[in-house]
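Coordinate analysis (summary)
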Number of protein chains: 2
Amino acid sequence: MRSHFAPVSSRAVSSYSPIGPVVGVVGAGQLARMTQQPAIALGVELRVLAAAPDESAARVIVDTRIGDYRDLADLRAFAQGCDAITFDHEHVPTEHIRALAADGVAVRPGADALVHAQDKAVMRERLTSFGAPCPAWARVSGVEDVTRFAAEHGWPVVLKAIRGGYDGRGVWVCHSAADAEVAFESGVPLLAEAFVPFERELAVLVTRSPHGQGVSYPVVETVQRDGICVEVLAPAPGLDPEDAAQAQRIALEIAQKLGVTGLLAVEMFQTAGGMVVNELAMRPHNSGHWTIEGANTSQFEQHLRAVLDLPLGSPAMTAPVVVMANLLGGDDPDLFKRYEHVMAHDPGVKLHFYGKEVRPGRKIGHVTALGDDLETVRARARHAAVYLTTGEYS
Amino acid sequence: MRSHFAPVSSRAVSSYSPIGPVVGVVGAGQLARMTQQPAIALGVELRVLAAAPDESAARVIVDTRIGDYRDLADLRAFAQGCDAITFDHEHVPTEHIRALAADGVAVRPGADALVHAQDKAVMRERLTSFGAPCPAWARVSGVEDVTRFAAEHGWPVVLKAIRGGYDGRGVWVCHSAADAEVAFESGVPLLAEAFVPFERELAVLVTRSPHGQGVSYPVVETVQRDGICVEVLAPAPGLDPEDAAQAQRIALEIAQKLGVTGLLAVEMFQTAGGMVVNELAMRPHNSGHWTIEGANTSQFEQHLRAVLDLPLGSPAMTAPVVVMANLLGGDDPDLFKRYEHVMAHDPGVKLHFYGKEVRPGRKIGHVTALGDDLETVRARARHAAVYLTTGEYS
């Protein structure tokens, strides 16, 4: 990755003018890639800041710039000519986002909101301050802090890296001081949270526009394995309408209080005592990929509308049940040969590949099935996912 | 437009390898543009042959090559490294398509099929030979031929340019010899057809794969104004299931007898005496844009599957009624300012802009509404289309 900003695609920079609004996305992973689909429809011209020209989104976005999202000069050059800037990930230094906004760039979400997705301690402080349901928590500097925390709240204690951390990384479930020692070896600032004995994990995906309009998708259930999301069930099966409404209210309130613009994904634990907020993300989210076919307005389109301060679209579902299954790389690099079986076996399943090299355990795509009956739809999504990643017929 | 082939995007050619199959599309209009959406999902890397880098599809496809579709050397260079080649329009000279196939390139549809979409006389001869319902027709060299035809079949007589012609161009409805004189002034070979007093115009969109699998979408009604399609109603309202089945059988038989691979759109007249075939197209078609949101598998995805000889997807509708309204350019070049009203007025309507400069009467986009009730859905699509193109609230 070069730290000196240089445009990769001179064609896009020099030879023609955009016809529609220009939105710059910092980060060229699959979230930016999937944003290109509604951008094409809406006539929005995307620009992406990538580390390399073969990244997931760079393969499908003409105006790709190569640069370093940690370098303010690169970010400034990238933002020139964009009507708005948004993010494919949450690693852009908060101070750089503030600097861009001070320059007059429309950065959505802004730094004041995004910091709550970047810094778990800031997030816990803020949410606690207005009564959003959180587990007991505390900053911890060493093992003694953890032991003290456990004396009050019990083991296990969940230790989390305050910054960084995703897909299960930077999270340690500690059953003892010895476990806590391991976490501190990481050398990064940590937060302690009381372990939440949850019934299941849910996710609420909401959108808020600069105008203040807020829209929520149906609450979904997420299934994790080894800290990575493997399956999403929409809507969350058997969820009491009152509980669903409560979860949506919590998420919309967080979006409004934090001044989020764009998507906000709130991961929650459903517990006997009610909903508990786990984590926040302010970008398109794995728990929302089902919306591409499963909702009138996909999360990617919704995020674009909010980023451009346009009226938000309908979140209505297009089928009674929608299930998404992630594709995590197996040992075989060639997935395309497996298309034939999966497509012949189920003409209705929708396949998504992210244009990424297959590496074991890496998120390389997802599949979505839609229908009337949960068990059937779930089995269809699983069959496709298992076959595509392992070649096994399940 | 340069006739000497030179790659525009050196980045795509030199710096990384494709991860998935590569499909080359000749022609960079909105049909190629809208093919990029499912290509992104399926991990298919598109390459497009464009006349200029700012064309509709070139704006959204990284691997754009600038060249001349009438130049065999440009076509050969373009096809190098593609797993299959297909078309955004039907103007590629038939002999060039044969030459590519002789080189071993997988061109879909092939020349033997595509000639029936390029040459109306060849089409009429072939369809008549196996009993597909056609109007009376004849090649005509001059006005006397037309008068003789009219003596047998009556006025009006429809004269059509045998090659070229689209969106109403190259079609003359003649009520007299004087009218026929005007048609012959065009200087191109003409065909005469008996005027068909139709109840309405329908379209059947089918797909056929190299494996021989055939799938039909529901029959739709198309509404024309000045020879250009303005509205599509899916499914065709009030169409007797027997008539619908007959129309689908006719289209699937044509696809199979002609050896079409990819999409085949059959425009038909519904008459008191049954269905009559009007025109053929072998590419994504205006009468199928509704499928983007309105069917489990869009026509663009279906075409890609067929071109890659993959199993075809489900054509099932996602809502009971789907209406598409075309956006034809008005006098105002700035459509984006009208997004706010249209989106706020109807959060469920889906907007599509083609990244083309607005010119009066030019197809610059379309809108799609979905729902339960035809009149409501139709009014929603119309309201959005009228407002976007004229700023008038209807």
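Everything in this summary refers to the structure shown in the same document. It should be emphasised that the depicted structure is a prediction, and the values quoted were computed from it without experimental measurement.

Comments concerning the interface of chain B and chain A
Between chain B and chain A, the residue contacts involve 53 residues of the former and 52 residues of the latter. Run the count over chain B and chain A and you get 4 salt bridges. Two residues, Glu301(A) and Lys350(B), come together in a salt bridge whose shortest N-O distance is 2.9 Å. The interface formed by chain B and chain A contains 19 residue pairs in polar contact (both at pLDDT 80 or more). Mapped by element, the contributors of at least two residues to the side of chain B that touches chain A are helix 2 (30-42), helix 11 (299-307), helix 12 (339-345) and strand 17 (350-353) of chain B.

Re unusual backbone geometry
A cis geometry characterises the amide bond from Arg108(A) onward to Pro109(A), with omega recorded as 5°. Residue position: Pro109(A) is located in the loop between helix 4 (94-103) and helix 5 (111-118). Cis geometry is found at the peptide bond from Trp155(B) to Pro156(B), where omega equals -5°. Here Pro156(B) shows up in the loop between helix 7 (143-153) and strand 7 (157-161). Phi angles above zero are rare outside glycine, and Asp226(A) is one such case at about 55°. With relative accessibility at 75%, the residue Asp226(A) sits in the exposed group. Here the phi dihedral of Asp309(B) falls at roughly 55°; this positive angle occurs in a residue that is not glycine. Its place among the elements puts Asp309(B) in the loop between helix 11 and strand 16 (321-328).

Things to note about the relation of the copies chain B and chain A
Superposing chain B onto chain A takes a rotation of 180° plus a shift of 0.0 Å along the axis, which leaves an RMSD of 0.0 Å. Interpreted geometrically, this transformation is the action of a two-fold axis. Looking at chain B, 98% of its interface residues are interface residues in chain A too, so the copies touch through the same face.

Considerations on the sheet that holds strand 7 of chain B
Residue and element names in this part refer to chain B. Spatially, the 4 strands line up as an open sheet ordered 6-9-7-8, and their pairing is antiparallel. In the strand order of this sheet, the two ends are held by strand 6 (137-140) and strand 8 (171-174), each with one partner. Between one strand axis and the next, the sheet turns by 25° as a mean value, whatever way the strands run. The sheet contacts of helix 6 (residues 120-129) involve strand 6, strand 7 and strand 9 (190-194), and relative to strand 6 the element is tilted by about 145°.

Here is what the cut-offs are and how they apply
Residues numbered from 1 in each chain as written. Chains lettered and ligands numbered in written order. Predicted model: local features only at pLDDT ≥ 70, side-chain atom pairs only at ≥ 80, totals over all residues. Heavy atoms only, no water. Contact = heavy atoms within 4.5 Å. Salt bridge = Lys/Arg side-chain N within 4 Å of Asp/Glu carboxyl O. Polar contact = N/O pair within 3.5 Å; in protein donor to acceptor, adjacent residues only side chain to side chain. Helix = DSSP H or I, 4+ residues; strand = E, 2+ residues; numbered from the N terminus. Buried < 20%, exposed > 50% of the residue type's maximum accessible area, 1.4 Å probe, protein only. Least-squares fit on C-alpha atoms with pLDDT ≥ 70 in both. Pairing = 2+ DSSP bridges. Axes fitted to C-alpha atoms, helices over the stretch in contact; angles between N-to-C directions.

Take it as geometry only, folks, not as evidence of what the structure does.
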